[in-house]
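Take a look at the letters that make up each chain.
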Amino acid sequence: MKTPSLLKKNSSFLLFTTLTFFIASCGNRQSGGSSAAMKETPISKTTKDSIPDTTFSKIPVDRKYNDITRYIAGMKGLDGSPYTNMENDSTWIKFHKSFDDSWKELITKRLNIMDAWAATELAAERKSNLDIFYPLSGPDILHANTFFPNAKRYHLYALERNGALPDLSHMKTKEIKGYLSDVNVSLEDVFKRSYFITHEMMTALTTNKVNGTLPLICIFLVRTGHEIINVRYFHLNDDGTEAALNKDSLGTHHNDLVQVYFKNNKNTSIQMVSYMKCDLSDNAYQKNSALKNYFANMPQSTTYLKSASYLLHYAFFSLFRNLILSKSKAILEDDTGIPYKYLPKTKWDVTLYGVYVKPVSDFSGVFQDDLLKAYHDTTTTQPKKLPFSLGYHWGTNEQNLIKAQLKDSVK
């Protein structure tokens, strides 16, 4: 997530009001209907037997989600897909080749390197079986799953709407062509820079374009070798419990979320990623009893923060910053996440990776002198190399990652 050019003002008051306005305006966006929105069937409907799972009990399997996602991800359909006859269309063939080329480059230059690095540096976190808590994420299940591929649950939170997969069977050829073009546009920044730019997402994910974060989450999952098992919508009650919905009703209800159940094609273990559109700034969070109760019941997790617009550096994100610190057994972040000063050595074992340099020009007032000192203190902290580029300094070697592990004495 990046909010370009919002943080250049020197006045702290202007900074506060500018960011607060940005967050509020995004958080209050309403959704509407769309001819491209999938017409939901009751969540009890299945197309084959349910897959038992010790954590998720029995999740009904509905292959329509996987079939649709493979098509909009530029992947050929599996046997029995109703969309294989549409793969002969010249627009889809071009889309398929372009997506394949971009994806192969992404795997080679970033994802494979990240995975190999994480196998060593995040070995303990990968084995912990903790949920992955990823606030300020946008639809970025891609990098969270690459770092932590075996987590049972991923929890993503951001300002963009939940949305729905397209109903391909009720779309005209021209509409499908436009939709595939919109998918391409929405993914350009992730392929090139590794993060979504907030104001561009707000345009790309509207109902008349890609229609929310859900399509991109599903695309990332199938492209990384997963099968979509089911998609369910929920509403948060005031006490923080979840009530099932039959479709995406965001815009009608506040505090709605979507859950995507999926499995790796190498095994039958079901995993889940949930995404919720919400405003996490203090003013909104204080008023949202449902969300506060929901987080109060959240178990300790591994937190991941990337390209987070430095929001957690500011006083008006202090409540949520404190929540992260109280609910995390481990944190993996870049310098845009929780400031280094909130990770004291008495509570956290901190490992630094890469290099720390001045934040990009879009952001001011967020340089951390103590973090720079820690990076230069090779005797105590001994920063390790970072073999991939992931963050605002994209395309350079000037990237950083910070891993903080809660000490055994304070767990």
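Because the structure is predicted, anything quoted here is derived from the model rather than measured.

Reading the values: rules and limits
Residues numbered from 1 in each chain as written. Predicted model: local features only at pLDDT ≥ 70, side-chain atom pairs only at ≥ 80, totals over all residues. Heavy atoms only, no water. Helix = DSSP H or I, 4+ residues; strand = E, 2+ residues; numbered from the N terminus. Buried < 20%, exposed > 50% of the residue type's maximum accessible area, 1.4 Å probe, protein only. Contact = heavy atoms within 4.5 Å. Areas by Shrake-Rupley, 256 points an atom, 1.4 Å probe, with all protein chains shown as cover. Salt bridge = Lys/Arg side-chain N within 4 Å of Asp/Glu carboxyl O. Axes fitted to C-alpha atoms, helices over the stretch in contact; angles between N-to-C directions. Parallel < 35°, antiparallel > 145°, perpendicular 65-115°, else oblique. Nonpolar A, V, L, I, M, F, W, Y, C, P; charged D, E, K, R; others polar. 1 Å grid on protein atoms, 1.4 Å probe; cavity = no way out; pocket = protein on both sides within 12 Å on 5 of 7 lines; lining within 4 Å. Points joined across faces, edges and corners; volume = space filled by probe spheres on them. Core = buried A, V, L, I, M, F, W, Y, C linked by side-chain atoms within 4.5 Å. Pairing = 2+ DSSP bridges. Phe/Tyr/Trp six-rings, centres within 6.5 Å; stacked < 30°, edge-to-face > 60°. pLDDT = per-residue confidence, 0-100.

A. Main features of the overall build of the protein. For the protein, the count of helices and strands is twelve helices and twelve strands. In the protein, buried positions account for 56% of the 411 residues. Counted over contacts in the protein with a minimum sequence separation of 6, partners at least 24 positions apart contribute 72%. Of the roughly 17,700 Å² that the protein leaves accessible, carbon and sulfur atoms contribute 51%.

B. Structural detail: the pattern of salt bridges. Enumeration according to the criterion identifies ten salt bridges in this entry. Of the charged contacts in the structure, one is a salt bridge between Lys384 and Glu121, with a shortest N-O distance of 3.2 Å. A residue pair is termed long-range when its members are at least 10 positions apart, and Lys384 in the loop between α12 (369-376) and β12 (400-406) and Glu121 in helix α3 (residues 90-121) qualify at 263 residues. Look at Glu121 and you get buried, because its relative accessible area is 16%.

C. Local environment of the packing of helix α2 (residues 64-72) against helix α8 (residues 214-223). Two elements in contact, α2 and α8, have axes separated by 9 Å at closest approach and are oriented at 85 degrees. Classified by the interaxial angle, the pair formed by α2 and α8 is roughly perpendicular. Contacts between α2 and α8 involve Asn66, Thr69 and Ile72 on the former and, on the latter, Pro215, Cys218, Ile219 and Val222. Taken together, the residues that form the contact of α2 with α8 break down as five nonpolar, two polar and no charged.

D. Spatial organisation of the environment of Ile270. On the secondary structure map, Ile270 appears in strand β8 (residues 270-277). Linking Ile270 and Ile59, residues 211 residues apart in sequence, is a C-alpha distance of 8.6 Å.

E. Structural context of the layout of surface pockets. For the largest pocket, the calculated volume is near 450 Å³. Asn145, Pro149, Thr224, His226 and Asn264 are the residues nearest the centre of the largest pocket, which is lined by 19 residues in total. Those elements giving two or more residues to the lining of the largest pocket turn out to be α3 and α5 (141-147). Among the elements that take part in the lining of the largest pocket, α3 stands out by supplying five residues, more than any other. Residues belonging to the lining of the largest pocket are distributed by class as follows: four nonpolar, eleven polar and four charged.

F. View of the nonpolar core. The biggest cluster of nonpolar side chains holds 63 residues, and the ones touching the most others in it are Trp117 and Phe147. Sort the elements by how many residues they give to this core and α3 lands first, with nine residues. Apart from residues lying up to four places away in sequence, Trp117 is in contact with Leu122, Phe147, Leu332, Tyr353, Lys385, Leu386, Pro387, Phe388 and Leu401. Counting 51 residues, the second-largest nonpolar core is a separate cluster that includes Ile59, Val61, Phe320 and Val366.

G. Geometry of the pairing of strand β6 (residues 242-245). Strand direction decides the pairing type here: strand β5 (residues 226-236) and β6, joined by four bridges, are antiparallel. Each residue of the ladder has a partner; that of Phe234, found in β6, is Ala244. Remark: five residues form the turn of the hairpin made by β5 and β6, two consecutive strands paired antiparallel; Gly240 in that turn has positive phi of roughly 90 degrees.

H. Spotlight on the packing of aromatic side chains. Under the counting rule described, the total for this entry stands at 28 aromatic pairs. Seen in terms of ring centroids, Phe147 and Phe388 are 6.0 Å apart; in terms of plane orientation they differ by 50 degrees. Their pairing is tilted. You can see Phe147 sitting in helix α5 and its partner Phe388 sitting in the loop between α12 and β12, a full 241 residues away along the chain. Phe388 shares its class with Phe147; the two are buried. Measuring from ring centre to ring centre gives 5.2 Å for Tyr157 and Phe295, while their planes differ by 70 degrees; the resulting arrangement is edge-to-face.

I. Looking closely at unusual backbone geometry. Positive phi outside glycine occurs at Ser307, with the angle close to 45 degrees. Along the polypeptide, Ser307 turns up in the loop between β9 (301-305) and α11 (318-327). Unlike most non-glycine residues, Tyr310 shows phi in positive territory, near 60 degrees.

J. Region of the structure containing the confidence of the model for the protein. Averaged over every residue, the pLDDT of the protein is 84; the share at 70 or more is 80%. Across residues 3-49, confidence stays below pLDDT 50; counting only partners more than four residues off in sequence or on other chains, it has 100 contacts.

K. Spatial organisation of the sheet that holds strand β3 (residues 132-135). What the ten strands build is an open sheet, ordered β6-β5-β7-β8-β4-β3-β9-β10-β12-β11; its pairing is mixed. Edge strands, defined here as strands with exactly one partner in the open sheet, are β6 and β11 (348-354). Neighbour-to-neighbour, the strand axes of this sheet turn through a mean angle of 25 degrees, independent of strand direction. In this structure, β5 lies alongside strand β7 (residues 256-264), joined through nine bridges in antiparallel fashion.

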